[in-house]
Amino acid sequence: ILRLTHLSHHKFNRSPTEKGTEIYDPGQISRIKASLGYFLYISCGLYLLEVSSTLLFFSPPKVFRKMRERLLDQGNVQEIWLAQKLMDEKVVRDIRIDGMAIVFLLALSAFSFGEHWKILVGLLAARTFLISFMDNVYHYRTPLHVTVSGHNFSLPRGFSRFLLNFNLHRVHHKNPSVSWVKLPDLFAQQRETFDGGLLAAAVDQLRGPIALSDFSARQKI
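Residues numbered from 1 in each chain as written. Predicted model: local features only at pLDDT ≥ 70, side-chain atom pairs only at ≥ 80, totals over all residues. Heavy atoms only, no water.

Asks: Describe the overall build of the protein, and please don't skip the residues or the numbers.
Replies: In terms of helices and strands, the protein carries 10 helices and 2 strands. Here the protein has a C-alpha radius of gyration of 19 Å; the compact-globule value for 221 residues is 17 Å, and the two agree. Over its C-alpha atoms, taken along the principal directions, the protein stretches across nearly 50 × 45 × 40 Å. With 221 residues in all, the protein has 33% of them scored as buried. Of the contacts formed within the protein by residues at least 6 apart in sequence, a portion of 66% connects residues at least 24 apart. Accessible area for the protein stands at about 13900 Å²; split by element, carbon and sulfur atoms hold 65% of it. Side-chain charges of the protein comprise 27 positive and 18 negative groups, with the mean position of each set lying 2 Å from the other. (Helix = DSSP H or I, 4+ residues; strand = E, 2+ residues; numbered from the N terminus. Rg over C-alpha atoms; globule rule 2.2 N^0.38 Å. Buried < 20%, exposed > 50% of the residue type's maximum accessible area, 1.4 Å probe, protein only. Contact = heavy atoms within 4.5 Å. Areas by Shrake-Rupley, 256 points an atom, 1.4 Å probe, with all protein chains shown as cover. Lys, Arg positive; Asp, Glu negative; His and termini not counted. Charge placed at Lys NZ, Arg CZ, Asp CG, Glu CD.)

Spelled out as structure tokens, the structure:
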């Protein structure tokens, strides 16, 4: 699922179907509601959505087939692209195997922690928060309709390698097929620049959602 959604993200990044987690239309939703949805999403929603989406693939065959067909008939261009990928039964089978493996490993972990299960719950809660909170930081306030947009954030080399150089995100979007180990070299070769520090950017996204009418497409990319 993550592989397909990641490919989808590269194809439709900051497009009308994927404007960004922080963008909202004041004509359709109030800032209060937009803020509630936004902060829920970046605090835990993304990870919970990723995990729960696997359950859809264990739906009864007829139900799953109807959901897939509905996306093909009524979905937007991004949803149709995903639905077409899911027409491959091998892909569906692989996702189901992934899902069963995840459940098995979590069950085995719970058994192994035993009476210390609260530690496991704490670790999973921390994972849920970190993945949800850090996912959109690389695209917060980047221009719409620019699929290769993203931020490059400075980090000490050791921390950058620990994150698989994901902080060089604009370089990654411009060169999606390049291995993560080569991103620093491309950063230098293409004379890229940093847009700030990663920690400061993570805090910056706490400013909340941005109204579409206030969004400037002239922001730095």
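Asks: Which residues make up the pattern of salt bridges, and what values go with them?
Replies: Applying the stated criterion to the full structure yields 8 salt bridges. Salt-bridge contacts for Arg141 lead to Asp204; the nearest nitrogen and oxygen are separated by 3.0 Å. With Arg141 in the loop between helix 6 (117-135) and helix 7 (157-162) and Asp204 in helix 10 (residues 198-204), the pair connects residues that are 63 residues apart, well separated along the chain. Here Arg141 falls in the partly exposed class, since its relative accessible area comes to 30%. A single salt-bridge network, built from bridges that share partners, covers Arg170, Lys174, Glu192 and Asp195. (Salt bridge = Lys/Arg side-chain N within 4 Å of Asp/Glu carboxyl O.)

Asks: Which residues make up the packing of aromatic side chains, and what values do they have?
Replies: Within this structure, the stated rule accounts for 7 aromatic pairs. Each ring, one from Phe57 and one from Phe64, has its centre 5.3 Å from the other, and the planes form 45 degrees; the classification is tilted. Phe64 matches Phe57 in its accessibility class, with the two residues each being buried. Residues Phe129 and Phe133 carry aromatic rings whose centres are separated by 5.1 Å and whose planes lie at 15 degrees to one another, so their mutual orientation is stacked. Linking Phe129 with Phe133, this pair stays in helix 6, spanning 4 residues, or about one helical turn. Overall, Phe129 belongs to the partly exposed group, its relative accessible area being 38%. (Phe/Tyr/Trp six-rings, centres within 6.5 Å; stacked < 30°, edge-to-face > 60°.)

Asks: Tell me what's going on with the side chain of Thr128, and back it up with residues and numbers.
Replies: In this fold, Thr128 is placed in helix 6. The exposure class of Thr128 is buried, given its relative accessible area of 12%. Here the side chain of Thr128 touches Leu124 through a polar contact of 2.8 Å, landing on its backbone oxygen. Each residue touching Thr128, except ones within four places of it in the same chain, is listed here: Ser43, Cys44, Tyr47 and Leu48. (Polar contact = N/O pair within 3.5 Å; in protein donor to acceptor, adjacent residues only side chain to side chain.)

Asks: If you had to explain unusual backbone geometry to someone new, which residues and values would you point to?
Replies: Positive phi outside glycine occurs at Arg14, with the angle close to 60 degrees. Relative to the helices and strands, Arg14 is located in the loop between helix 1 (2-12) and strand 1 (23-24). Of note in the backbone geometry, His145 takes a positive phi value of approximately 65 degrees without being a glycine. Relative to the helices and strands, His145 is located in the loop between helix 6 and helix 7.

Asks: So what about a nonpolar patch on the surface? Which residues, and what values?
Replies: A contiguous nonpolar patch, built from Phe39, Leu199, Val203 and Leu206 and spanning about 390 Å² of accessible area, is present on the exposed surface. Here Phe39 shows up in helix 2 (residues 31-53). (Patch = residues over 30% accessible without salt bridge, like charges linked within 9 Å, V, L, I, M, F, W, Y side chains within 5 Å.)

Asks: Break down the packing of helix 5 (residues 89-113) against helix 6 for me, citing the residues and quoting the values.
Replies: Running from N to C, helix 5 and helix 6 point in directions that differ by 140 degrees, and their axes come no closer than 7 Å. In terms of their interaxial angle, helix 5 and helix 6 are classed as oblique. Contacts between helix 5 and helix 6 involve Leu106, Ser109, Ala110 and Phe113 from the former and Trp117, Ile119, Leu120, Leu123 and Leu124 from the latter. Looking at the contact of helix 5 with helix 6, its residues break down into 8 nonpolar, 1 polar and no charged. (Axes fitted to C-alpha atoms, helices over the stretch in contact; angles between N-to-C directions. Parallel < 35°, antiparallel > 145°, perpendicular 65-115°, else oblique. Nonpolar A, V, L, I, M, F, W, Y, C, P; charged D, E, K, R; others polar.)

Asks: Talk me through a positive patch on the surface; I want residue IDs and the actual numbers.
Replies: Taken together, Lys62, Arg65, Lys66 and Arg70 make up a surface patch of like positive charges. Within the secondary structure, Lys66 sits in helix 3 (residues 61-74).

By themselves these figures say nothing about function.
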